[in-house]
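Now for the letters of each chain:
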Amino acid sequence: MDDRPMKKARMLAEIASIQKQAKVLAVQKNRGAHYERLAREAEERVAKLRESIATIDAELAAAKQ
């Protein structure tokens, strides 16, 4: 059984969660470098997840052909 659609769904849920946390961090960003680092790490994690999702989408498209 192909688990890529489930992986994609988990990644999308994780992105949503990270983006919620990032909104909180954005409010607190002016409080110090620690929050800026956390916000930057969240953005990097979202970017990596989006790349993984794009790879999964490409694999699924190739599998359909």
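Residues numbered from 1 in each chain as written. Predicted model: local features only at pLDDT ≥ 70, side-chain atom pairs only at ≥ 80, totals over all residues. Heavy atoms only, no water.

Peer 1: Pulling in residues and values, what's your account of the overall build of the chain?
Peer 2: A count of helices and strands for the chain gives two helices and zero strands. Over its C-alpha atoms the chain spans a radius of gyration of 15 Å, topping by over 25% the 11 Å that the globule rule assigns to 65 residues. The C-alpha extent of the chain, read off along each of the three principal axes, is 50 × 15 × 15 Å. When each of the 65 residues of the chain is scored for burial, the buried share is 15%. In the chain, once contacts between residues fewer than 6 apart in sequence are set aside, the share between residues at least 24 apart is 79%. (Helix = DSSP H or I, 4+ residues; strand = E, 2+ residues; numbered from the N terminus. Rg over C-alpha atoms; globule rule 2.2 N^0.38 Å. Buried < 20%, exposed > 50% of the residue type's maximum accessible area, 1.4 Å probe, protein only. Contact = heavy atoms within 4.5 Å.)

Peer 1: Tell me about the nonpolar core, residues and numbers included.
Peer 2: Ranked by size, the top nonpolar core spans eight residues in total: Met11, Ile15, Ile18, Ala42, Val46, Leu49, Ile53 and Ile56. Contributions of two or more residues to this core are made by α1 (4-28) and α2 (33-64). The element best represented in this core is α2, accounting for five residues. With residues up to four places along the chain from it excluded, the contact list for Met11 reads Leu49, Ser52, Ile53 and Ile56. (Core = buried A, V, L, I, M, F, W, Y, C linked by side-chain atoms within 4.5 Å.)

Peer 1: Would you mind going over α1 in detail, with residue names and values included?
Peer 2: Turn by turn, an α-helix covers 3.6 residues, leaving residues three or four places apart pointing in a common direction. The terminal C-alpha atoms of α1 lie 36 Å apart, and with 25 residues this matches the ideal 36 Å at 1.5 Å per residue to within 8%. Among all positions of α1, only Met11, Ile15, Ile18 and Leu25 are buried. (Expected span 1.5 Å × (residues − 1).)

Peer 1: Please set out the environment of Thr55 residue by residue, giving values where relevant.
Peer 2: Relative to the helices and strands, Thr55 resides in helix α2. Since its relative accessible area comes to 40%, Thr55 is described here as partly exposed.

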